[in-house]
Each structure stands twice: as structure tokens, then as C-alpha cells.
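Notes for the structure review
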Amino acid sequence: MARPRTPAGRAKIVDERLASLYPGDAASLCALDHDGPYQLLAATILSAQCTDARVNLVTPQLFARYPAVEDLAVAEPSDVEEIIRSTGFFRAKTASLLGMARAVVDRYGTVVPESLEDLVTLPGVGRKTANVVRSVAFGLPGLPVDTHVGRLGRRLGLTRQEDPVKVEHDLCSLLPPRRWGAFSIQMILLGRQVCVARGPRCGICRLADVCPSADPAAVGARATARRRPDR
DNA sequence: ATCCCGAGGG
DNA sequence: CCCTCTGGAT
């Protein structure tokens, strides 16, 4: 197979490879244990700088104590802090959880909103979290861009942007909306296991033959640049 | 040391 | 744009 030369050409093959490498849709690929939008929203807030496995250790207790968003809205902050402490950033995350819950109760009648514009108004909910909730909990188009998705998108030559919002725009324009959510998770899985931040393991990467950064010419150019750091 | 699906504030 | 928030695993 010839190495694709355009972003659209690469996107099509990258998309197919990722889908067969990590089969499933966004909901089945999501590693955060949850039942419904409220729980996923809370779990995603907790997942910042924390493994999903760690989040899954605390959410059973959190959801047992606060079964509905109305319960979390009136929770005692110190109680929530105690439950979620091991996920890190526990004071900020508690403020986000309570603020999110109050906003959902006060402004949306206890129903987690589906639109990106509404979701990002919730405390502690940024664009990435909003897109996770949209794609995983609601099955709607949404392409969460985190550090992995940005890095792999650039290495794979699907975008040249650094700004996550611009990366999202570029990737969304290259892929069918029904693939956005799963694509994001599949990029993250490859980013953690193979295409790591420092020293990507191109030798074992199933996408190396289509990846411009794994092109022998590109690899040679980088090696030369390292040997002669001055110009 | 580095990584784990960030968001908000100054 | 940079800083801070925070704990656990490897």
C-alpha cells in the first residue's frame, strides 16, 4: 500500500486501522464505569490527571451516597473530598462536582444537557469533558481532544494545529461524525501503548506504514537534527 | 522522574 | 500564555 500524501487519504486508512485495532463504539470503549449521563459527567471530571482504574475505585461509593444529581447538589464538600481524595486535585474536583450538580439542578431541571454549548457552561466541564459526555453517554457526535489526540493527530499528519479546538475542527472535517467518539478513544489507546510522547515505538506500530512521522526519510531527518542541534 | 482522556484563574 | 490544583502507580 502506497503511503498516502494527503490528510484525507491518511485519515481514511488511519480510521480503518484504528477501528480494527480497537473494535467497538465510544460507549463500549469507554473505560469509566458509569450508568447514565450524570454518572459519566462526574466520573469524567474525576478522571483529570488520574487513571480510569483509580476513578472506578471511588465512583461506586460516590454514586451509592449520591445516587442522583440532586443528591450531589446538596452534598457536604468535606464528605465528597473524603470519598474522591485518592483521585488527586480533590478540592478542585469537589468544587467542580458540586458546582456541576447545582447547575444541572438549578438551570436544567436535573437533566444533564446534550449540547456542547450548554455542557461547557457547567463548572469543571471543559470542551474535552463535554465531548466525552456527548459521544459516550448520549451517542451524539463529539470528538474529545486531549494531549494524546493532539499529538497523534499531528504525527499522523492529520492536522498541524496546536490549539485543541483547531485540532478538533481538523479531525472532525476528516472523519464521519459517527466515528468521532470511538476515534478519539482509539487514538488515546494507541497514544498510551505505542505512540508515546517521548520515543514513539514506530517499530511495533500498526500505522507506521501510513504515518509521515515514521517515514524513513522523516526519521532520518530528525536523527540528523539531533546530531547537529545548531541549525 | 514521568505518566494518568483537564479546567479555571491570574 | 502560564500557573496551579493533587494523589497514586511505575
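This text goes with the structure placed above it.
We now turn to the structure provided with this report. All of these numbers come straight from a predicted model, not from anything done at the bench.

Digging into the protein's contact with DNA strand C
- Near DNA strand C the following residues occur: Gln49, Cys50, Arg54, Arg85, Ser86, Gly88, Phe89, Phe90, Arg91 and Ala92.
- In this structure, Gln49 approaches DNA strand C through a main-chain N or O atom, which is 3.3 Å from a base nitrogen.
- In this structure, Arg91 approaches DNA strand C through a side-chain N or O atom, which is 2.9 Å from a phosphate oxygen.
- At 3 residues, the largest contribution of residues to the surface near DNA strand C is made by helix H7 (residues 90–108).

Regarding empty space enclosed by the protein
- Within the structure shown, the criterion is met by 1 cavity of 30 Å³ or more.
- Lining the largest cavity are 15 residues, with Cys195, Pro200, Cys202, Cys205 and Cys211 positioned closest to its centre.
- When its residues are assigned to classes, the lining of the largest cavity shows 11 nonpolar, 1 polar and 3 charged.

A closer look at the layout of surface pockets
- Quantified by volume, the largest pocket comes out at close to 750 Å³.
- Lining the largest pocket are 26 residues; nearest its centre among them are Asp52, Lys128, Asp146, Ile188 and Arg192.
- Among the residues making up the lining of the largest pocket, the classes are represented as 12 nonpolar, 10 polar and 4 charged.
- Estimates place the volume of the second largest pocket at around 170 Å³.
- Mapped onto the lining of the second largest pocket, the elements with two or more residues apiece are helix H2 (26–29), helix H9 (127–137) and helix H12 (180–193).
- Residue composition of the lining of the second largest pocket, grouped by class: 7 nonpolar, 5 polar and 3 charged.

Comments concerning the protein's contact with DNA strand B
- Neighbouring DNA strand B are 20 residues; Gly124, Lys128, Thr129, His148 and Arg192 lie closest to it.
- Of what DNA strand B places within 4 Å of the protein, 63% of the atoms are sugar or phosphate.
- Asp146 has a polar side-chain atom sitting 3.5 Å from a sugar or linking oxygen of DNA strand B.
- For the surface near DNA strand B, the secondary structure elements donating two or more residues are H9 and H12.

Looking at the packing of aromatic side chains
- Tallied over the entire structure, the rule returns 1 aromatic pair.
- Centre to centre, the rings of Tyr38 and Phe63 are 5.8 Å apart; their planes meet at 65°, and the pair counts as edge-to-face. With Tyr38 in helix H3 (residues 37–46) and Phe63 in helix H4 (residues 52–65), the pair connects residues that are 25 residues apart, well separated along the chain. Residue Tyr38 shares its accessibility class with Phe63, and that shared class is buried.

Reading the values: the criteria
Residues numbered from 1 in each chain as written. Chains lettered and ligands numbered in written order. Predicted model: local features only at pLDDT ≥ 70, side-chain atom pairs only at ≥ 80, totals over all residues. Heavy atoms only, no water. Near = heavy atom within 4 Å. Polar contact = N/O pair within 3.5 Å; in protein donor to acceptor, adjacent residues only side chain to side chain. Helix = DSSP H or I, 4+ residues; strand = E, 2+ residues; numbered from the N terminus. 1 Å grid on protein atoms, 1.4 Å probe; cavity = no way out; pocket = protein on both sides within 12 Å on 5 of 7 lines; lining within 4 Å. Points joined across faces, edges and corners; volume = space filled by probe spheres on them. Nonpolar A, V, L, I, M, F, W, Y, C, P; charged D, E, K, R; others polar. Phe/Tyr/Trp six-rings, centres within 6.5 Å; stacked < 30°, edge-to-face > 60°. Buried < 20%, exposed > 50% of the residue type's maximum accessible area, 1.4 Å probe, protein only.

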